[in-house]
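# Structural description and commentary
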Amino acid sequence: MNKSRKPILDVLGGQIPERVPVWLMRQAGRYLPEYRELRAKSKNFLNMCLTPDLATEITLQPIRRFDMDAAILFADILLVPMALGVDLQFREGEGPALQPVSSMLDLEALFYDPASVAPVMQTIRQVAGQLSPSTTLIGFCGAPWTVACYMIDGNSHSNFAATKKCVYENPEFLERLIAILIDASEQYLSAQIEAGAEALQIFDSWAGLLSGEAFTHYVINPTRILISRLKKKYPHIPIIGFPREAADGYEPYIKQTGIDALGIDQSVDLAYAKRALQSVKPLQGNLSPDLLVQGGAAMLDAAATILRTFGPLHIFNLGHGVVPQTPPEHVAQLVAYIREFRP
Ligand code: CP3
């Protein structure tokens, strides 16, 4: 197989890339003054996600500034519940608020409406036409479990207590919701691929709330079903899984879900990751977002350790998203360091 001109697709295909690629979760957003400027002029965050010209511009901002190896679509994991008919709002300083679902009757009212996320697909088409030949366009969705957490609790203020209660007291309801989300996510991601997404990431930000059998049942199984359906239709599209804080769940997840690469958060020990996980699939991660805020030698030393540990079959990223207080100069410094790094 010949090397593509895209280092990220090389790594995802198990090929040594020309250089270690880098992109950052939440690379578009409030730490960038050019984002804040557009945000101040815009009605609200959802409106930004659903206005293709704005979303295209925001997707491209970190690419222009830092020449990242991937552009990640500017959108949100909560657009899937929105497309299912759930009322969704992003209130200033409060995070997302959804109308919670609590009964089978609530679930019967959910219908996925592709028209409501059509602007997202338009954004993908617009971005795809503007990337350099080495940049990969990544589409994404939330994993069924993580999206279910937001749909049942309505927000993240009480650490998803209502959702955790369902795991033990109302499994039929939770299973039905997860099934609905598998179907909706399949449609949503298929449309992203048709529009031009070249790789996908499945964000399971709250995977760490579960362990043991519940982790298998609500994290691994739904992800495996979603991936197997996508792979049947689009075998050439690689998929990155990110089951955040999965602890001893990483090994079964990487072996059983069918993902092409595993995103790891900063809690994962590097020696363990290299031995038990990178021996199975390529990894993505896992610099602490706090070290990116810190910058300087602390950040660069940690980056060097990650680069030395994982070698070239690795996508450099953070362990979670860029936080708003991050100085953009630190991102520039990090990317320059990774590009110049020779082990
Ligand atoms: O740059 C990118 O990574 C692309 C866009 C992107 C956003 N959200 C934009 C966004 C992506 C990939 C996401 C994923 C997402 N959204 C996740 C999974 C990753 C994670 O962080 O764990 C989750 C859990 C959400 C849900 C969500 N969206 C929350 C909890 C919040 C509020 C808190 C916060 O982090 O800001 C959002 C809002 C949101 N999504 C913003 C952005 C840029 C901030 C909106 C603003 O300008 O106020």
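Below, the structure is looked at part by part. (Residues numbered from 1 in each chain as written. Predicted model: local features only at pLDDT ≥ 70, side-chain atom pairs only at ≥ 80, totals over all residues. Heavy atoms only, no water.)

This paragraph deals with the site of the ligand. As a structural note, the neighbourhood of the ligand is formed by 22 residues, with Arg30, Tyr35, Arg39, Asp76 and Ser205 the closest of them. Within the backbone of Gln27, a nitrogen or oxygen atom sits 3.3 Å from an oxygen atom of the ligand. Within the contact set of the ligand, an oxygen atom lies 2.7 Å away from a side-chain nitrogen or oxygen of His320. Of all elements in the fold, only helix 2 (33-41) and strand 3 (95-98) reach the threshold of two or more residues within the shell around the ligand. Split into classes, the residues belonging to the shell around the ligand amount to 14 nonpolar, 4 polar and 4 charged. (Near = heavy atom within 4 Å. Polar contact = N/O pair within 3.5 Å; in protein donor to acceptor, adjacent residues only side chain to side chain. Helix = DSSP H or I, 4+ residues; strand = E, 2+ residues; numbered from the N terminus. Nonpolar A, V, L, I, M, F, W, Y, C, P; charged D, E, K, R; others polar.)

The next point concerns helix 16 (residues 328-340). With 13 residues, helix 16 should cover 18 Å at 1.5 Å per step; its first-to-last C-alpha distance of 19 Å lies within 8% of that length. All buried positions along helix 16 are accounted for by Pro328, His330, Val331, Leu334, Val335 and Ile338. Looking straight down helix 16, one finds its buried side chains confined to an arc of 155 degrees; they lie on one side. More than 90 degrees from the buried face of helix 16, the exposed residues found are Glu329 and Glu340. The secondary structure elements touched by the buried residues of helix 16 are helix 2, helix 4 (52-66), strand 8 (283-287), helix 14 (289-294), helix 15 (296-310) and strand 9 (314-318). (Expected span 1.5 Å × (residues − 1). Buried < 20%, exposed > 50% of the residue type's maximum accessible area, 1.4 Å probe, protein only. Arc of directions from axis to C-beta. Contact = heavy atoms within 4.5 Å.)

To describe a pair of aromatic rings, you give the distance between the ring centres and the angle between the ring planes. Under the definition given, this model contains 9 aromatic pairs. When the centroid spacing of 4.7 Å and the interplanar angle of 75 degrees are considered together, the rings of Phe45 and Phe90 count as edge-to-face. In this pair, Phe45 sits in helix 3 (residues 45-49) while Phe90 sits in strand 2 (residues 88-91), placing the two residues 45 residues apart along the sequence. When its relative accessible area of 12% is taken as the criterion, Phe45 is described as buried. Grouping aromatic residues by their ring pairs yields a cluster made of Tyr35, Phe45, Phe74 and Phe90. Sitting above the plane of the Trp206 ring, Arg244 keeps its charged end 5.0 Å from the centroid. (Phe/Tyr/Trp six-rings, centres within 6.5 Å; stacked < 30°, edge-to-face > 60°. Lys NZ or Arg CZ within 6 Å of the ring centre and 35° of its normal.)

For the rest of this paragraph, the subject is the packing of helix 7 (residues 118-128) against helix 10 (residues 171-195). Between helix 7 and helix 10, the shortest axis-to-axis distance is 8 Å and the interhelical angle comes to 30 degrees. If you check the angle between helix 7 and helix 10, you find them roughly parallel. As for the relative orientation of helix 7 and helix 10, their crossing is right-handed in sense. Residue-level contacts link Val120, Met121, Ile124 and Arg125 of helix 7 to Tyr188, Ala191, Gln192 and Ala195 of helix 10. Here the contact of helix 7 with helix 10 is composed, by residue class, of 6 nonpolar, 1 polar and 1 charged. (Axes fitted to C-alpha atoms, helices over the stretch in contact; angles between N-to-C directions. Parallel < 35°, antiparallel > 145°, perpendicular 65-115°, else oblique. Left-handed = near helix turned anticlockwise from the far one by under 90°.)

All right, on to the packing of helix 4 against helix 7 then. Interhelical geometry of helix 4 versus helix 7 gives an angle of 50 degrees and a closest axis separation of 9 Å. By the angle between their axes, helix 4 is oblique relative to helix 7. Taken as a pair, helix 4 and helix 7 cross one another with a handedness that is right-handed. Here Pro52, Asp53, Ala55, Thr56, Thr59 and Leu60 of helix 4 come into contact with helix 7, specifically with Pro119, Gln122, Thr123, Gln126 and Val127. Taken together, the residues that form the contact of helix 4 with helix 7 break down as 5 nonpolar, 5 polar and 1 charged.

This part covers the sheet that holds strand 9. On the basis of which strands lie adjacent, the open sheet formed by 7 strands has the order 1-4-5-6-7-8-9 and parallel pairing. Edge positions in the open sheet fall to strand 1 (70-72) and strand 9, since each of these has one partner strand only. Going across the sheet, the axis of each strand differs from the next one's by a mean of 25 degrees, ignoring polarity. Pairing of strand 4 (residues 136-142) with strand 5 (residues 199-204) involves 5 bridges; the strand directions are parallel. Along strand 5, the bridge assignment pairs Ile138 with Ala199. (Pairing = 2+ DSSP bridges.)

All right, on to helix 11 (residues 212-233) then. Taking 1.5 Å per residue as the helical rise, helix 11 with its 22 residues ought to reach 32 Å, and the 31 Å between its terminal C-alpha atoms agrees with that figure. Along its length, helix 11 shows its largest kink, about 30 degrees, at Ile220, and proline Pro222 lies within four residues downstream of that point. Of all the positions in helix 11, only Ala214, Phe215, Tyr218, Val219, Ile220, Pro222, Thr223, Leu226, Ile227 and Leu230 are classed as buried. (Bend = angle between axes of the 7 residues up to and from the residue.)

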